[in-house]
Amino acid sequence: MHIVAQILTAIVALEHLYILWFEMFAWDTVGKKTFDSLPAELFKTTKVLAANQGLYNGFLAAGLLWSFFISDPVWTEHIRVFFLVCVIAAGLYGAKTISKKILVVQAVPAILALLFVWLS
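In this report, we go over the structure that sits alongside the text. Fair warning: this is a prediction, and the values are worked out from it, not measured in the lab.

Definitions and limits used
Residues numbered from 1 in each chain as written. Predicted model: local features only at pLDDT ≥ 70, side-chain atom pairs only at ≥ 80, totals over all residues. Heavy atoms only, no water. Helix = DSSP H or I, 4+ residues; strand = E, 2+ residues; numbered from the N terminus. Buried < 20%, exposed > 50% of the residue type's maximum accessible area, 1.4 Å probe, protein only. Contact = heavy atoms within 4.5 Å. Areas by Shrake-Rupley, 256 points an atom, 1.4 Å probe, with all protein chains shown as cover. Lys, Arg positive; Asp, Glu negative; His and termini not counted. Charge placed at Lys NZ, Arg CZ, Asp CG, Glu CD. Core = buried A, V, L, I, M, F, W, Y, C linked by side-chain atoms within 4.5 Å. Phe/Tyr/Trp six-rings, centres within 6.5 Å; stacked < 30°, edge-to-face > 60°. Lys NZ or Arg CZ within 6 Å of the ring centre and 35° of its normal. Axes fitted to C-alpha atoms, helices over the stretch in contact; angles between N-to-C directions. Parallel < 35°, antiparallel > 145°, perpendicular 65-115°, else oblique. Left-handed = near helix turned anticlockwise from the far one by under 90°. Nonpolar A, V, L, I, M, F, W, Y, C, P; charged D, E, K, R; others polar.

Considerations on the overall build of the protein
Okay, step 1: Counting secondary structure elements, the protein contains 6 helices and 0 strands.
Okay, step 2: Along the three orthogonal principal directions, the C-alpha set of the protein runs to about 50 × 25 × 20 Å.
Okay, step 3: Looking at the 120 residues of the protein, the share that counts as buried comes to 40%.
Okay, step 4: Restricting the contact set of the protein to residue pairs at least 6 apart, pairs at least 24 apart contribute 61%.
Okay, step 5: Entry remark: accessible area of the protein is about 7,400 Å², with carbon and sulfur atoms responsible for 74%.
Okay, step 6: The positive charge centre, built from 8 side chains, and the negative charge centre, built from 7, are 8 Å apart in the protein.

Rendered as structure tokens:
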């Protein structure tokens, strides 16, 4: 269970590094493909907003990655739980306000990781 929790946590962290990259550096290319329901002309005017969102996704990834370098197992779990809950909250909010797809792509992997962290 512990290894599965680590793998799932790493996947969630890598996903958020990817989100950081495309929101900060590829918003008008990858962002357009990812959020294809938005009008194309919107991407140029929202580039700075997307970069700000990307930065926050980077903080989520950093917190999850940080949990791999904590020597105390209790604190490792606390940090992982905190950042996974933050990802879940962001995923639920995104699903409610932007697209239901965000629930599957962002929240579900974090929920699975959280369950395995608690079970390990």
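Moving on, there is more to tell.
Describing the nonpolar core
Okay, step 1: Counting residues in each nonpolar core, the largest one holds 17 residues, and the members touching the most others are Val12, Leu64, Leu84, Val87 and Ala110.
Okay, step 2: Sorting the residues of this core by element identifies α1 (2-25), α4 (47-66), α5 (73-97) and α6 (101-119) as the ones contributing at least two each.
Okay, step 3: Ranked by the residues each element gives to this core, the list is headed by α5, at 6 residues.
Okay, step 4: For Ala110, the residues in contact, after removing those within four places along its chain, are Val12, Leu84, Val87 and Ile88.
Okay, step 5: Counting residues in hydrophobic clusters, the runner-up holds 9 residues, among them Val30, Phe35, Phe43 and Ala50.

Here we look at the packing of aromatic side chains
Okay, step 1: Here the structure, examined in full by the defined rule, presents 8 aromatic pairs.
Okay, step 2: Look at Tyr56 and Phe59: their rings are 6.0 Å apart centre to centre, the planes differ by 80 degrees, and that puts the pair in the edge-to-face class. With Tyr56 and Phe59 both in helix α4 and 3 residues apart, this pair spans about one turn of that helix.
Okay, step 3: The partly exposed category is assigned to Phe59, whose relative accessible area is 48%.
Okay, step 4: Their ring planes at 85 degrees and their centres at 5.0 Å tell us that Phe82 and Phe83 sit as a pair that is edge-to-face.
Okay, step 5: An aromatic cluster of at least three residues, connected via ring pairs, comprises Tyr18, Trp21, Phe22, Trp27, Phe35 and Phe43.
Okay, step 6: A cation over a ring is seen here: Arg80 above Phe68, with NZ or CZ 4.3 Å from the ring centre.

Concerning the environment of Trp21
Okay, step 1: Residue position: Trp21 is located in helix α1.
Okay, step 2: A relative accessible area of 39% places Trp21 in the partly exposed class.
Okay, step 3: Sequence separation of Trp21 and Ala113 is 92 residues, and the distance between their C-alpha atoms is 22 Å.
Okay, step 4: Among residues more than four places away in sequence, those in contact with Trp21 are Ala26 and Val30.

Some thoughts on the packing of α1 against α4
Okay, step 1: Contact geometry for α1 and α4: axes closest at 7 Å, N-to-C directions at 160 degrees. When the interaxial angle is binned, α1 and α4 end up roughly antiparallel. Where α1 crosses over α4, the handedness of that crossing is left-handed. Contacts from Thr9, Val12, Ala13, His16, Leu17, Ile19, Leu20, Glu23 and Met24 in α1 reach Lys47, Ala50, Ala51, Gln53, Gly54, Leu55, Asn57, Gly58, Leu60, Ala61, Leu64 and Leu65 in α4.
Okay, step 2: Of the residues belonging to the contact of α1 with α4, the class tally is 13 nonpolar, 6 polar and 2 charged.

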